[in-house]
Amino acid sequence: MLDCECEGAPRDLGLDQGRRYRQLLGGSFRSRPLWQRALLRLGRGSDAQQRFQQDLRRFFPQQAEATEALATGARLPAAWLLERLASDPTGAVRGECLGLAAARAVSASGPLLARSIPTDAIVRRSKPEGGFQSIEITQPWRTAPLAGVNEAGLAAAVVAEPGEPGGDPACAVPASLLVLDCLARFDGLDGAIDWLLARPGGGNATILLADARGEIAGVGFRGAERTISRPADDLLVRTGGHERHGEIEKGLREASPLVASDLARFLGTELVAIEPDRGRLGWLHRGASDEGDRWFEL
């Protein structure tokens, strides 16, 4: 069963999610000191927060609209959601964020995309007006997905990279938010990559991509800099500076062909696994068996 279903224009998508998680988000907001809540309701933030809000509206107008509607639906100040987004743009788990993209040649069931997920993750189906339908992993307070797959067979996931976040002088908003637009707009890697390279956004992250044809790639963001990774060995691994980086990557390469249901136990963390050619997304647990795993199809 899905946690959340959202449909329509950006405002409708945000309202659906805000109403669905009103109680949960309200409890989290009320855990803040009273004086902080008062300032957030008045919209009084730092200069950096004001710049973030302005750039979100300028460069990500649909997400700005959806975020403001989410706040309206949850009866909370939008400033609180923006504050959380600015402080945690990639949903890193315990400061670490593991992710991989595997081509058909090294995966037992076709192309595969996977990444670790935070404890408050939810599964959401999005039906944007004029865009591709997708099924995604995100968080109740976040409009952009952390990972997802659309009905055209394009999968995307954002993974945090080590080091201080890079700033983009043109845009204070992290480029990790672009996962949402990738899923809504594109049916394959080439169009998504060209678009990502041209869009503003800061931060320090990689957006991993895979499509139904079996192609995989990664677009890296460090401030205004962009890099493209196209592996010659059919596997891309990102560990977000994990202390076991070398061990993890070596183990994944030796485990070929990779089986989605084994990844969570191997990596020792909750995972989302996506099989774009099958149009499905799995929430995988790190237990001794796969009894707790859940799969969702478009």
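The shown structure was predicted, so the numbers you read here are calculated from the model rather than taken from an experiment. Residue numbers here run from 1 along each chain, matching the order of that chain's written sequence. pLDDT decides what is reported in this predicted model: residues at 70 or higher carry local features, side-chain atom pairs at 80 or more are listed and counted, and totals for whole chains, interfaces and linings draw on all residues regardless. Heavy atoms from the whole structure form the basis of all side-chain values; hydrogens and water molecules are not counted.

Engineer: Would you mind showing me how to read the side chain of D211 here?
Structural biologist: Secondary structure counts use DSSP, requiring at least four H or I residues in a row for a helix and at least two E residues in a row for a strand, with both numbered from the N terminus. Residue placement: D211 occurs in strand 8 (residues 204-211). Overall, the relative accessible area of 0% leaves D211 in the buried class. Any pair of nitrogen or oxygen atoms within 3.5 Å is treated as a polar contact; in protein, a donor-acceptor pairing is required on top of that, and neighbouring residues in sequence qualify only through side-chain atoms on both sides. A polar contact of 3.0 Å, which involves the side chain of D211, links it to the side chain of R213. Contact criterion: two residues are considered in contact whenever any of their non-hydrogen atoms come within 4.5 Å of each other. In contact with D211, not counting residues within four places along its chain, are P111, G153, L154, G188, L189 and P276. The buried label goes to any residue with under 20% of its type's maximum accessible area, the exposed label to any with over 50%, and the partly exposed label to all in between, with areas taken from a 1.4 Å probe on protein chains only.

Engineer: Got a minute to help me understand the pattern of salt bridges in this structure?
Structural biologist: As a working rule, side chains carrying opposite charge can pair if their charged atoms are close by. Here, a salt bridge means any Lys or Arg side-chain nitrogen found within 4 Å of an Asp or Glu carboxyl oxygen. The full count for this structure, using the stated rule, is 17 salt bridges. Of the charged contacts, one joins R124 and E136 as a salt bridge, the two residues approaching to 2.6 Å between their closest N and O atoms. Remark: E136 occurs in strand 5 (residues 134-138) and R124 occurs in strand 4 (residues 122-128); sequence separation between them is 12 residues. Several salt bridges share partner residues, and in doing so they unite D233, E249 and R253 into one network.

Engineer: Hey, could you run me through the pairing of strand 7 (residues 154-160) in this one?
Structural biologist: Side-chain direction in a regular strand flips from residue to residue, so the side chains alternate between the two faces of the sheet. Counting buried positions along strand 7 yields 7 of 7 residues, so the element is predominantly enclosed. Here strand 7 shows a buried face lined by L154, A156, V158 and A160 and a second buried face lined by A155, A157 and V159. Strand pairing requires that DSSP identify at least two bridges connecting the strands. Pairing of strand 6 (residues 147-150) with strand 7, which is carried by 3 bridges, proceeds in the antiparallel orientation. Opposite V149, over in strand 7, you have A155 as the bridge partner. Two successive antiparallel strands, strand 6 and strand 7, enclose a turn made up of 3 residues, where G153 displays a positive phi of approximately 95°.

Engineer: Even after reading the chapter, I still don't get the sheet that holds strand 5, so can you show me in this structure?
Structural biologist: For sheets, the rule is that strands pair by backbone hydrogen bonds, running either parallel or antiparallel. Pairing is mixed across the open sheet formed by 8 strands, whose spatial order is 1-4-5-6-7-8-9-10. In the strand order of this sheet, the two ends are held by strand 1 (4-8) and strand 10 (225-229), each with one partner. Ignoring which end each strand starts from, the neighbouring axes of this sheet average 20° apart. Inspection of the sheet shows strand 7 paired to strand 8 by 7 bridges, in the antiparallel sense. Residue pairing in the sheet places A160 in a bridge with A205 of strand 8. Along the sheet, helix 7 (residues 178-185) makes contact with strand 4, strand 5, strand 6, strand 7, strand 8 and strand 9 (216-222), crossing strand 7 at roughly 175°. Only the stretch in contact is used when a helix axis is fitted, and all axes are lines through C-alpha atoms; the angle between N-to-C directions ranges over 0 to 180 degrees.

Engineer: How do you make sense of the packing of aromatic side chains when you look at a structure like this?
Structural biologist: Centre distance and the angle of the planes are the two values used to describe a pair of aromatic rings. Ring geometry is summarised as follows: Phe, Tyr and Trp rings, the Trp one being its six-membered ring, pair when their centres sit within 6.5 Å, and such pairs are stacked at plane angles under 30 degrees, edge-to-face over 60 and tilted between the two. Counted according to the given criterion, the structure contains 2 aromatic pairs. Seen from their ring centres, F29 and W80 are 5.5 Å apart, and the 70° between their planes marks the pair as edge-to-face. Here W80 lies in helix 6 (residues 78-87) and F29 lies in helix 2 (residues 22-30), a separation of 51 residues in the sequence. With respect to burial, F29 and W80 carry one shared label: buried. Measuring from ring centre to ring centre gives 5.8 Å for F186 and W195, while their planes differ by 55°; the resulting arrangement is tilted. Residue classification places W195 among the buried residues on the basis of a relative accessible area of 15%.

Engineer: Mind showing me how you'd approach unusual backbone geometry here?
Structural biologist: Cis geometry marks the peptide bond from S256 to P257, where omega comes out at 5°. Assignment of secondary structure puts P257 in the loop between helix 9 (245-254) and helix 10 (260-267). In the Ramachandran plot, R75 falls in the positive-phi region, its phi being about 60° despite a non-glycine side chain. Looking at the element boundaries, R75 is found in the loop between helix 5 (61-74) and helix 6. In this structure, D234 takes a positive phi of about 70° despite not being glycine. Here D234 shows up in the loop between strand 10 and strand 11 (235-238). What makes D234 partly exposed here is its relative accessible area of 28%.

Engineer: Teacher, can you tell me more about the sheet that holds strand 11 here?
Structural biologist: Sheet architecture is open: 6 strands sit in the order 11-2-3-12-13-14, paired in antiparallel fashion. Strands with a single pairing partner mark the edges of an open sheet, and in this sheet they are strand 11 and strand 14 (294-297). Strand-to-strand twist across the sheet, computed as the mean angle between neighbouring axes with direction ignored, equals 10°. Two strands pair when backbone bridges link them, and strand 12 (residues 271-275) and strand 13 (residues 280-284) are joined in this way by 5 bridges, in the antiparallel orientation. Note on strand 13: the bridge partner recorded for I274 is L281. On the sheet, helix 10 packs against strand 2 (99-102), strand 3 (112-116), strand 12, strand 13 and strand 14 and is oriented at approximately 155° with respect to strand 12.

Engineer: Sorry, what's going on with the state of the cysteines here?
Structural biologist: Every disulfide links exactly two cysteines, by a covalent bond between their sulfur atoms. Any two cysteine sulfur atoms within 2.5 Å of one another count as a disulfide. In total, this model carries 0 disulfides according to the counting rule given. Left unpaired, C182 is separated from the closest cysteine sulfur, that of C171, by 15 Å. Residue C182 is classed as buried on the basis of its relative accessible area of 0%.

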